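Geometric and topological summary
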Amino acid sequence: MPKLTIDGKEVEADASLNLINAAEQVGVEIPHYCYHPGLSIPGNCRMCLVEVEKAPKLQIACNTRVAEGMVVHTNSAKAKTAQKAVLEFLLINHPIDCPVCDQAGECKLQDYYMDYDQEPSRFPLPEKNRKGKAIDIGAGVMLDQERCILCARCTRFFDEVTKTSELAIFERGDHNRIDIYPGQPVNNNYAGNIVDICPVGALTEKEFRFRMRVWYLHRTASVCGGCERGCSIDIHHHRGRIYRFKPRFNPDVNSYWMCDEGRHSFPGLQNETRLTSPLVQAKDQLVVEPWGEAVRRAASIIADYKRTFGGNSIAVVVDATSTNEEAFALKQFMKTTIGSERIAMLSWSPPGTSGDDELLLRANKNPNTRGLAALGIAGDGLDGLAAAVASGELKMLITFRADLVRALGEQEFVRRFGALDYMLVLSTDANETCQMANQVWPIAAYPEIDGSFTNFKGRVQRIKEAFPPPGNAIAGVEAIARLGKALDGVERPRSADAVFAAMASAEPAFKGMALATLGEHGADLAAS
Amino acid sequence: MERILTRWLDIPDLRKLNVYLDNGGYKALRKALFEMKPEDIINEVKNSNLRGRGGAAFPTGAKWSFIPKDSKKPVYVCVNGDESEPGTFANRYQFENDPHGIIEGIVIACRAVGSHNAYVYLRGEFTVQQRSMDAALAEARAAGYVGKNIMGSGYDVDIWTHKGAGAYICGEESALLESLEGKRGYPRNRPPFPAIVGAFGCPTVVNNIETLSNVPHILNRGADWYKAIGPEKSPGTKLVCLSGHVNKPGLYELPMGTPLREIIYDIGGGILGGKTLKGVIPGGSSFPVLNKEETERAIFDFDSMRAIGSAMGSGVVIVMDEDTCMIDMLLATAHFYHHESCGQCTPCREGTGWIEKIMTEMEAGQGKIEQLELLNNISDNMVGNTICVLADSIAMPVKSYVTKFRGEFEEHIRLGRCPFKNKNGSAQQAA
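Summary of the structure given here. (Residues numbered from 1 in each chain as written. Chains lettered and ligands numbered in written order. Predicted model: local features only at pLDDT ≥ 70, side-chain atom pairs only at ≥ 80, totals over all residues. Heavy atoms only, no water.)

1. Side note on the overall build of chain A
When you go through chain A residue by residue, the secondary structure sums to 15 helices and 23 strands. Taken over the C-alpha atoms alone, chain A extends approximately 90 × 50 × 35 Å along its principal axes. Taken across its 528 residues, chain A has 57% of its residues classed as buried. For chain A, long-range pairs separated by at least 24 residues make up 65% of all intrachain contacts whose partners lie at least 6 apart in sequence. As presented, chain A carries roughly 21,800 Å² of accessible surface, and 51% of it is formed by carbon and sulfur atoms. Both charge centroids of chain A, one from 59 positive and one from 66 negative side chains, sit 2 Å from each other. (Helix = DSSP H or I, 4+ residues; strand = E, 2+ residues; numbered from the N terminus. Buried < 20%, exposed > 50% of the residue type's maximum accessible area, 1.4 Å probe, protein only. Contact = heavy atoms within 4.5 Å. Areas by Shrake-Rupley, 256 points an atom, 1.4 Å probe, with all protein chains shown as cover. Lys, Arg positive; Asp, Glu negative; His and termini not counted. Charge placed at Lys NZ, Arg CZ, Asp CG, Glu CD.)

2. Here we look at the overall build of chain B
Secondary structure summary: chain B contains 18 helices and 11 strands in total. Taking 22 Å as the expected radius of gyration for a compact globule of 431 residues, we find that chain B reaches 22 Å, a close match to that expectation. In terms of principal-axis extent, the alpha carbons of chain B reach across some 75 × 45 × 35 Å. For chain B, the proportion of contacts with a sequence separation of at least 24, taken over those separated by at least 6, is 69%. For chain B, the accessible surface area stands at approximately 16,000 Å², while carbon and sulfur atoms represent 52% of it. Put simply, chain B has 47 plus and 51 minus side-chain charges, and the middle of one group is 2 Å from the middle of the other. (Rg over C-alpha atoms; globule rule 2.2 N^0.38 Å.)

3. Considerations on helix 8 (residues 324–338) of chain A
Residues and elements named next belong to chain A. End to end, helix 8 covers 20 Å across 15 residues, agreeing with the expected 21 Å (1.5 Å per residue, within 8%). The buried fraction of helix 8 amounts to 12 of the 15 residues, a majority that puts the element mostly inside the structure. Following helix 8 by one or two positions, Gly-339 has its phi on the positive side, about 75°. (Expected span 1.5 Å × (residues − 1).)

4. Considering the interface of chain B and chain A
Every contact between the two is made by 31 residues of chain B and, on the other side, 33 residues of chain A. Carbon and sulfur atoms make up 47% of the area that chain B and chain A hide from each other, which totals about 2,600 Å². Counting the contacts that link chain B with chain A gives one salt bridge. As a salt-bridge pair, Glu-340 of chain B and Arg-172 of chain A come within 3.1 Å of each other at their nearest N and O atoms. (Buried area = accessible area lost by both parts, 1.4 Å probe. Salt bridge = Lys/Arg side-chain N within 4 Å of Asp/Glu carboxyl O.)

5. Here's the deal with the nonpolar core
All names here are of chain B. Judged by nonpolar contacts, the single largest core of 119 residues is most densely connected at Met-359 and Phe-409. The residues contacting Met-359, other than those within four sequence positions of it, are Ile-327, Leu-330, Leu-331, Ala-334, Leu-375 and Phe-409. With 60 residues, the next largest nonpolar core counts Val-19, Ala-112, Val-205 and Leu-251 among its residues. (Core = buried A, V, L, I, M, F, W, Y, C linked by side-chain atoms within 4.5 Å.)

6. Considerations on the sheet that holds strand 7 (residues 141–143) of chain A
Working definition: the strands of a sheet are paired by backbone hydrogen bonds and lie parallel or antiparallel to each other. All names here are of chain A. The strand order 6-7-10 describes an open sheet built from three strands, whose pairing is antiparallel. Two strands lie at the open edges of the sheet, namely strand 6 (135–138) and strand 10 (203–205), each paired on one side alone. The sheet shows a mean angle of 35° between the axes of neighbouring strands, taken without regard to direction. Pairing geometry for strand 6 and strand 7, over three bridges, is antiparallel. In the strand pairing of strand 7, Ile-135 is matched with Leu-143. (Pairing = 2+ DSSP bridges. Axes fitted to C-alpha atoms, helices over the stretch in contact; angles between N-to-C directions.)

7. A short note on the sheet that holds strand 8 (residues 277–282) of chain B
Residues and elements named next belong to chain B. Pairing in this open sheet of five strands is mixed, and the strands run 6-5-11-8-9 from one edge to the other. Each having just a single partner strand, strand 6 (250–255) and strand 9 (290–291) make up the two edges of the open sheet. Bridge count between strand 5 (residues 237–244) and strand 11 (residues 316–321): four bridges; the pairing is parallel. When the bridges of strand 11 are listed, Ser-243 appears paired with Ile-318.

8. Remarks on helix 15 (residues 496–506) of chain A
Residue and element names in this part refer to chain A. Among all positions of helix 15, only Ala-496, Val-499, Phe-500, Met-503 and Ala-504 are buried. Angularly, the buried residues of helix 15 cover 140° about the axis, an arc narrow enough to put them on a single face. Next to the buried residues of helix 15 lie helix 8, strand 21 (451–454), strand 22 (459–463) and helix 14 (476–488). (Arc of directions from axis to C-beta.)

9. A few points about the pattern of salt bridges
Think of it this way: side chains of opposite charge can pair up when their charged atoms draw near. By the definition in use, this model includes 65 salt bridges over all chains. Here Glu-478 of chain A makes a salt bridge to Arg-482 of chain A, at a shortest N to O gap of 2.8 Å. Highlighted residues: Glu-478 of chain A and Arg-482 of chain A, both in helix 14, separated by four residues, approximately one helical turn. Among the salt bridges present, the one from Arg-190 of chain B reaches Glu-172 of chain B, with a minimum N-O distance of 2.7 Å. Taken as a pair, Arg-190 of chain B in the loop between helix 8 (173–180) and strand 4 (204–208) and Glu-172 of chain B in the loop between strand 3 (158–163) and helix 8 lie far apart in primary sequence, 18 residues in all. For Glu-172 of chain B, a relative accessible area of 16% puts it in the buried group. Here the salt bridges do not stand alone but share partners, grouping Asp-97, Arg-130, Lys-133, Asp-144, Glu-146 and Arg-147 of chain A into one network.

10. What about the side chain of Asp-98 of chain B?
Residue and element names in this part refer to chain B. Looking at the secondary structure, you find Asp-98 in the loop between helix 5 (91–97) and helix 6 (99–113). Buried Asp-98, no salt bridge; nearest opposite-charge side chain is Arg-7, N-O distance 5.0 Å. Beyond its immediate chain neighbours, meaning those up to four positions away, Asp-98 contacts Leu-5, Trp-8, Leu-14, Tyr-20 and Tyr-93.

11. Some remarks on the pairing of strand 16 (residues 314–319) of chain A
All names here are of chain A. Summarising burial for strand 16: six of the six residues are buried, a large majority. The side-chain alternation of strand 16 yields two buried faces, one formed by Ile-314, Val-316 and Val-318 and the other by Ala-315, Val-317 and Asp-319. Bridging between strand 16 and strand 18 (residues 396–400) involves five bridges; their strand directions are parallel. By the bridge assignment for strand 18, Val-318 is matched with Phe-400. Both strand 16 and strand 17 (residues 343–346) contribute to a ladder of four bridges, which runs parallel. Across the sheet, Asp-319 pairs through a bridge with Leu-346, a residue of strand 17. For the handedness criterion, the β-α-β arrangement of strand 16, helix 8 and strand 17 is classed as right-handed. (Right-handed = clockwise from strand over helix to strand, strands pointing away.)

12. Considerations on the environment of Val-113 of chain B
All names here are of chain B. Within the secondary structure, Val-113 sits in helix 6. Using a relative accessible area of 10% as the deciding quantity, one classes Val-113 as buried. What Val-113 contacts, discounting residues up to four positions off in sequence, is Trp-64, Ile-67, Val-75, Val-77 and Val-205.

13. Focus: unusual backbone geometry
At the junction of Arg-190 of chain B and Pro-191 of chain B, the peptide bond is cis and its omega measures out at 0° in the coordinates. Take Pro-191 of chain B: it is sitting in the loop between helix 8 and strand 4. Cis geometry is adopted by the peptide bond preceding Pro-192 of chain B, which originates at Pro-191 of chain B and carries an omega value of 0°. Examined against the element boundaries, Pro-192 of chain B turns out to sit in the loop between helix 8 and strand 4. Despite not being glycine, Lys-54 of chain A shows a phi value in the positive range, around 80°. Inspection of the secondary structure assignment puts Lys-54 of chain A in the loop between strand 3 (49–52) and strand 4 (59–60). Take Lys-54 of chain A: its relative accessible area is 89%, and that puts it in the exposed class. In this model, Lys-283 of chain A sits at a positive phi of 50°, which is unusual for a non-glycine residue. Inspection of the secondary structure assignment puts Lys-283 of chain A in the loop between strand 14 (279–282) and strand 15 (285–288).

14. Let's talk about the pairing of strand 15 of chain A
All names here are of chain A. Sheet topology places strand 14 next to strand 15; four bridges connect them, and they run antiparallel. In the sheet register, Gln-281 faces strand 15, and the bridge partner there is Leu-286. Here strand 14 folds back onto strand 15, and the loop between the two strands holds two residues, one of which, Lys-283, carries a positive phi near 50°.

15. What about the side chain of Thr-428 of chain A?
Residues and elements named next belong to chain A. Residue placement: Thr-428 occurs in the loop between strand 19 (422–427) and helix 13 (432–435). Engagement of the side chain of Thr-428 in a polar contact is seen with the side chain of Asp-429, the distance being 2.6 Å. Filtering out sequence-adjacent residues up to four positions away, Thr-428 remains in contact with Thr-273, Arg-274, Leu-275, Arg-401, Ile-443, Ala-444 and Ala-445. (Polar contact = N/O pair within 3.5 Å; in protein donor to acceptor, adjacent residues only side chain to side chain.)

Spelled out as structure tokens, the structure:
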């Protein structure tokens, strides 16, 4: 690997790296706008000009590969002059409307101006170029051409990643503007990414803009639960509400991107239908009861069935949107506490949903089908359960996140499971299955818990608790632990780390893994 | 002096194939195909010291030698006939009057670099010139000088003409390649250079029309003959585009190294109306302006012009008399580069417009003295900081005008108007 010097620091960097990447390795930031590691290198913004000894003029760091013996200065007088110059040029025709711009707070013009410029304007305000503002270019993206610095990240994304090329640069010189072709709005499932990669306020998200100032948002690393790809994301939230999902770089899963379907899936996690209290059926109505009462009631009924009909009179259906920890805790609970072999997975996608595409999106809308399968929870177990109901062996069903009624349709559900004596439903939302339940327990949605998902390629990735669940809802693992303790008096691990540790020692697929060491990109399941 | 590139002035209808053949046409090509190996051609051109006529003066033989010898990809020859530098009008005459001279040069170049396909890129406005070139190509194809198995040699070269859409920037070789590929005319980052990744991702030579027109003559008469014309390191004749306030403007073929004052006063017949010279734009509008004193000692060849801080560029000489408003000249120049900046790189996209805005105020007498420093500073911030040299092409002239004609700027500011115009804004004679 070539050895070079950047700002007096020695760097040994892979020969394929450019100076921006190499500088990062020694903590030197080279400012840049147009360069994006997931796209081609146009070298147009000129923000990354650096001084390379023996080169006749300043070089753009983005398009300069490391070479043996290279001596680079990113903060020499020449480089600093160029940085200030480029920022001045970028700002002369920029509207500087930060107070009303949604990008404020995460704007590279603001950041770099503070870091590298801080000079007063030498350009008369009334002479700024005027261009189009608040243009709805489709797919939920708004364009402000005056704020645009023409770095062409968005056009390159549509040219190179989605290959849909809806955006182009029109006109010439300082009349240049990004735009769609007349009458042909942006129409692809990855449009949100251009908002992410726009370094300024030119592209903003229609649904997000004007709803929250970005500096109030907290970021929690997580995984998109929209499909079995499990794109790495950051959840941006404030006071228990999610405002947006942003893709998080993961070379092994989603690169820098995520699809719009997943990006816009979060409102479904904070619906008004969220359950906030345990409920019990009384005179054909679900009424609220405290957790203590709810757990005692469920435990005594389970104990009755077990005693009278045996463990196999009780079954659990666990949904493929459950975490590895939840599924493992349920599996252990069924095996050791109930003594039942009846555990089935529900992995379904609503009819009419999107299919696989060539980039990220998958037809299977469950984030953890593979994880449950790795735990030996069969996807075809529902038929066996229905048969057991028909034969009278199966009396009681526990559903975990599984909206069986919606998945099967009410008629089919009644045909197969109508003869059940008792149903305990653990659910985030008041859904159709809750209406059939004897008891309903409110549990946390995935942004509200720690744990992990295993994507369809066997990549195990961490999710983290962004904020607590609403009302009296509790984590699924906690609910299982409470029920188990009420039955056998044994204290179970309640933290995701501890459950994962137990899973890693009991399950070959997770052998040698630990939640804390999954890292931000996750890890592959142990070879099976 | 013997006319070489402008033989058409002595030979009527040289554009026709039979006349071209009667006057030694395609002899050099025969030599290149049957008597010389590709490396012999390259060596002969190297030895001739032929340098690119498009403005950069890069040695042609060296450029050809950069093409990989064992390329698995096809090699292309692209011929730059975008001629759009303000002040240039040489290529258009060549297209109209000596298209076979161009074609012969192209086929020889193809043979030298192992190319079987050449594109002639003409500027958007060259409709007549394209017609002339296409007619000559049809003749040459029918007679077996272009196409399959040229002159029975077994070597194939096809040539296409392609007209741009009228953008100045497409004369820059990498923007030309983008435009040729059907894309927006944006100059490319280098490396990679066109010799490795050029047209359609393949090794490509881009040569100017005038450069290639020299090649048949060099092969016919030898490198030593060529080197003997003009200075040894910058030899040959040059098509000089003389315009502005001279009595006899026009296209002249002159030996390299002709003094500028000889071009203006002897060949051009002196300043129009017996007035005095104020300055000259040499090379093209993108090069530093010369004042009277510099003009009178300037020698017109690549190296001598560089030595006095300007350039020979593409052989332009725009003469300005004493009544020329240099502020207006610079405004016109700034307007051109603002209009023609592709807008890709920040300093050029924003800087060209800023300079034009300041120059508009200056010419209107609304400028301020601090703006002279600002103009210099904007220019410094543009030079060398962009992908191509369009930024330098306005920044260098700006610096030269501000330095050499500072007095005129100051007078505009002091008077609050242009001293060369009356109150109505139209030109007036100086008192």
